[in-house]
Amino acid sequence: MPIAVAPRQTARSVARVAACALWGLESAMVTVEADVANGLPSFTVVGMPDAAVSEARERVRAAIRNSGFEFPLRRVVVNLAPAERRKEGTGFDLAIALGVLRATGQVTHDADALCLAELALDGTLRPVRGVMARVRRAVLAGVSAAFVAPENAAEAAALGADAFGFASLRDVVEHVEGRVRQAPSPTPLPAERRDHPVDLRDIAGHETPKRALEVAAAGGHSLLFVGPPGTGKTLLARAIASLLPAFDPDEAIVASAVHSVAGLIDPERPLLGARPFRAPHHTASHLALVGGGSPPRPGEVSLAHGGALFLDELAEFSPSVLDTLREPLEEGAVTISRAGTTATYPARFTLVAAMNPCPCGHAGDPAEQCTCLPDAVDRYHARLSGPLLDRIDLRVHVPRIAYEELREDGREPSRTVRERVIAAHERMSARLVGTGRSCNAELSVAEVRRHCHLAQEAETLAAEAMRGRRLSARGFHRVLRVARTIADLAASDEIRTADLALALLLRAQA
Amino acid sequence: MIAVTPADAGYPPRLRDLAHPPDPLWIEGDETALRARSVAIVGTRRMTGYGERVAREIASSCAAADVVVISGFAQGIDSAAHRGALDGGGRTVAVLGEGIALFLRSVRGRRRPLVPRVRASGALVSEYAPAFCAQPWAFAKRNTTIAALAEAVVVIEAGERSGALITAGEARRLGRPLFAVPGPLGSAASVGTNALLAAGEARALVSAAALLEVIGLQGIHAATSPTDPILEALAGGDLDADAMRRRVRVTEAELAERLMRLTLAGRVTQTPDGRYRSRS
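Residues numbered from 1 in each chain as written. Chains lettered and ligands numbered in written order. Predicted model: local features only at pLDDT ≥ 70, side-chain atom pairs only at ≥ 80, totals over all residues. Heavy atoms only, no water.

Visitor: Even after reading the chapter, I still don't get the packing of aromatic side chains, so can you show me in this structure?
Guide: Both the distance between ring centres and the angle between the ring planes are used here to describe each pair of aromatic rings. Residue and element names in this part refer to chain A. By the definition in use, this model includes nine aromatic pairs over all chains. Ring geometry for Phe147 against Phe164: centres 5.8 Å apart, planes inclined by 85°, an arrangement best described as edge-to-face. Pair noted here: Phe147 is in strand 8 (residues 145-148) and Phe164 is in strand 9 (residues 162-165), with a separation of 17 residues, a long-range link. No difference in accessibility class separates Phe147 from Phe164, as the two residues are buried. Taken together through their ring pairs, the aromatic side chains of Phe147, Phe164 and Phe166 make up a single cluster. Over the aromatic face of Phe71 sits the side chain of Arg61, whose NZ or CZ is 5.3 Å from the ring centroid. (Phe/Tyr/Trp six-rings, centres within 6.5 Å; stacked < 30°, edge-to-face > 60°. Helix = DSSP H or I, 4+ residues; strand = E, 2+ residues; numbered from the N terminus. Buried < 20%, exposed > 50% of the residue type's maximum accessible area, 1.4 Å probe, protein only. Lys NZ or Arg CZ within 6 Å of the ring centre and 35° of its normal.)

Next comes the structure, spelled out in structure tokens:
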């Protein structure tokens with residue numbers, strides 16, 4: 001929305017300052033209008049403010065007085081336009097204060113910048129959450145400067161805005177009036193490329209689980225490791241971080257914006273350098289996992305956007321919590337509805353999960369005998385609902401390995417596997433160019449038809465599999481997406497019989 | 001449901017061998033199954049994949065020879081034996097350690113879908129009143145009834161103190177031929193059966209045909225001799241894909257394709273934890 005910029009004048013009764021409101025990652029420019037009129041002294045904020053915004057009145061009044069300005073003993077009305085949606089948070093303080101100062105003529109120039117900071121009672125600027133998404137909106141709306149707290153300056157600068165980090169309201173006024181001009185913050189350091197803690201080379205044996213990891217990393221397919229305790233399921237799952245393809249800049253911005261809303265940004269290096277890897281504990285509530293609260297905050301699924309979400313001990317998660325994963329797994333986004341507000345956060349992630357094969361953990365373990373009754377094992381697996389299991393593309397057994405194997409190094413380092421993953425990822429994103437999606441797990445049904453060509457022999461196998469295993473149509477499409485990824489990893493345009501067979505086997509439906 | 005006493009003509013004749021025959025015996029289903037040629041197949045509830053496969057194979061061979069498979073309808077080996085007999089198109093009798101009506105009401109899990117099939121093709125029997133609640137000693141008593149009801153007894157897998165060993169002991173007392181399936185050394189599920197073999201109390205069961213010969217029947221088909229190297233590898237128990245590749249030594253693609261074909265042919269299934277299991 002373009003911001004109306006009034007011609008500069010020394011004093012006028014209605015002042016306008018640019019701000020931005022945020023609901024989830026959705027944002028809209030807000031014009032803060034301030035009017036000072038004759039009447040009984042009062043200070044009102046209208047335009048659907050929430051509690052935090054209404055409280056801004058007290059902070060603004062004190063900050064103005066304590067910065068050496070005068071708060072007018074007149075009737076002050078502040079409107080947050082458009083007035084139809086509820087505004088949340090403390091990010092409007094600075095804009096309201098500047099509006100009041102401008103309307104009373106204590107500031108004689110318009111700010112011409114997005115004002116985004118909370119005010120302390122002494123006039124100090126405090127950082128707010130979600131700066132990245134809002135600055136991005138402002139840049140798109142043609143407001144190229146941003147006035148923020150020093151802690152938020154790097155975040156704002158990372159998106160190409162002229163970001164000014166001011167220590168106090170006084171500094172902002174000095175800058176606007178042109179008395180003490182401050183230089184914009186430099187573009188922050190590029191994100192650091194971390195060394196991954198786990199490399200495939202460190203993991204002995206486990207060729208099939210590693211293969212599944214490669215397929216999951218390349219195509220974004222969800223993966224479940226099942227095996228006795230201590231066989232390396234967690235280590236394998238953590239190794240996926242070393243295989244994920246590089247972040248493309250647009251994806252990195254969206255993922256960083258989610259972290260910014262959650263207040264999890266490194267102030268020095270605001271842009272995420274590597275795809276996120278999130279590993280919530282199995283006691284996590286559904287609020288922690290998919291997000292929520294008031295105002296709605298992003299959950300782990302959104303913090304994992306663009307990267308991987310690792311759920312260790314999957315069967316120990318509360319079943320109702322796991323069920324909330326279905327929406328993000330299917331839609332790639334989470335919508336949180338609260339009275340008056342709805343927030344949507346992106347949540348496209350590669351799910352990696354691990355669990356024991358039975359309650360005692362030793363089913364199929366050569367080292368120790370399983371002591372579970374067959375029905376108890378069934379009940380254990382039944383903790384995972386059918387619809388969730390249906391959305392898990394790869395289920396792989398992680399066996400206990402022999403000592404001789406343990407002494408060997410893994411065959412391939414992550415670097416080599418990652419090269420294959422990147423090449424395959426490029427093949428798939430080339431097919432999906434312009435759709436906003438980039439991997440095979442996100443292929444729509446129509447795209448599956450278009451891109452998943454089966455070789456003649458594979459076609460026969462597919463028909464047999466459909467009949468023999470009573471695969472649902474959805475299950476079949478999921479198998480085809482995985483087969484497409486396996487073919488992409490082998491740089492094959494056609495899905496060959498072996499690709500399809502491997503996809504069917506890795507799906508492992510008992 | 002009917003109840004028969006030792007005085008009745010319809011009372012299963014072999015039960016009269018017991019010092020204290022069940023009186024009365026409650027029967028739900030086809031009581032002629034209790035007088036037919038029969039073999040008892042029993043074992044531990046905590047079976048391994050190997051035990052499950054052997055139980056099903058032997059039961060299915062018995063079914064093919066029109067021999068009724070008798071077992072205790074517990075989880076594990078017992079259920080696998082009933083299932084093997086039913087899948088082989090044969091009849092099976094379940095001897096319960098609790099009242100029949102109570103069992104029908106309370107059974108859950110994998111055994112539940114098996115109940116109507118057992119009732120339709122064979123019978124559920126119990127020496128306890130229909131609403132009798134399960135007691136530990138009742139199961140021990142039931143185990144001796146199983147031994148008496150059958151012409152021969154096979155113990156597939158039994159732990160050190162398994163209830164199946166009670167059936168084995170009673171079989172010896174009654175002079176019923178007793179077989180035990182040799183298991184891998186070190187497997188807790190085979191400690192009991194291997195001990196029976198070591199003490200010379202049971203014969204080693206090496207094929208269904210040998211078992212049927214002992215009760216005077218010709219085995220219909222010899223023990224299956226797997227020719228496929230994958231099936232051969234799986235005969236020793238469930239395997240994960242990596243272990244299979246070490247045994248069979250083929251490329252990943254070839255293994256995937258062959259496993260898939262065996263799965264589609266119904267020869268191999270996958271366990272919920274992603275390993276492969278041979279299915280007879």
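Visitor: Is there a simple way to think about the environment of Arg86 of chain A in this case?
Guide: Residue and element names in this part refer to chain A. As for its placement among the helices and strands, Arg86 is situated in the loop between strand 4 (75-81) and helix 3 (93-103). Given the relative accessible area of 30%, Arg86 is considered partly exposed. Each C-alpha atom, one on Arg86 and one on Val334, is 20 Å from the other, the two residues being 248 residues apart in sequence.

Visitor: For this particular structure, what's the right way to read the sheet that holds strand 7 (residues 152-155) of chain B?
Guide: Each strand in a sheet pairs with another by means of backbone hydrogen bonds, the pair being arranged parallel or else antiparallel. Residue and element names in this part refer to chain B. Spatial ordering of the open sheet is given by 1-2-6-5-4-3-7-8-9, a layout of nine strands whose pairing is mixed. Both edges of this open sheet fall to strand 1 (2-4) and strand 9 (203-204), since each of them pairs with a single strand only. Examined bridge by bridge, strand 7 and strand 8 (residues 178-180) share three bridges and lie parallel to one another. Counterpart to Val155 in the pairing with strand 8 is Ala180. Against the sheet, helix 6 (residues 164-174) contacts strand 3 (38-42), strand 7 and strand 8, and its axis sits at roughly 150° relative to strand 7. (Pairing = 2+ DSSP bridges. Contact = heavy atoms within 4.5 Å. Axes fitted to C-alpha atoms, helices over the stretch in contact; angles between N-to-C directions.)

Visitor: Whenever I open this one, the environment of Ala288 of chain A confuses me. Can you help?
Guide: Residues and elements named next belong to chain A. Looking at the secondary structure, you find Ala288 in helix 10 (residues 286-290). With a relative accessible area of 36%, Ala288 lands in the partly exposed category. For the pair Ala288 and Val301, spaced 13 residues apart in sequence, the C-alpha to C-alpha distance is 8.8 Å. Sequence-distant contacts of Ala288, that is, excluding residues within four places in its chain, are made with Gly299 and Glu300.

Visitor: Could you clarify how one ought to interpret the packing of helix 7 (residues 207-219) of chain A against helix 17 (residues 414-431) of chain A in this entry?
Guide: Packed helices, taken two at a time, are described by the angle their axes make and the gap between the axes. Residue and element names in this part refer to chain A. Look at helix 7 against helix 17: their axes get within 8 Å of each other, and the N-to-C directions meet at 40°. The hand of the helix 7/helix 17 crossing is right-handed. Contacts between helix 7 and helix 17 involve Glu214, Ala217, Ala218 and Gly219 from the former and Val417, Arg420, Val421, Ala424, His425 and Met428 from the latter. Counted by class, the contact of helix 7 with helix 17 contains six nonpolar, two polar and two charged residues. (Left-handed = near helix turned anticlockwise from the far one by under 90°. Nonpolar A, V, L, I, M, F, W, Y, C, P; charged D, E, K, R; others polar.)

Visitor: Sorry, what's going on with the pattern of salt bridges here?
Guide: Any two side chains of opposite charge can pair, on the condition that their charged atoms come close. The final tally for this structure, using the stated rule, is 44 salt bridges over all chains. We note a salt bridge from Glu174 of chain A to Arg179 of chain A, for which the minimum N-O separation is 3.2 Å. A relative accessible area of 16% places Glu174 of chain A in the buried class. Salt-bridge contacts for Arg37 of chain B lead to Glu151 of chain B; the nearest nitrogen and oxygen are separated by 2.8 Å. Placement of Arg37 of chain B in the loop between strand 2 (25-29) and strand 3 and of Glu151 of chain B in the loop between helix 5 (136-149) and strand 7 is noted, with a sequence separation of 114 residues between them. (Salt bridge = Lys/Arg side-chain N within 4 Å of Asp/Glu carboxyl O.)

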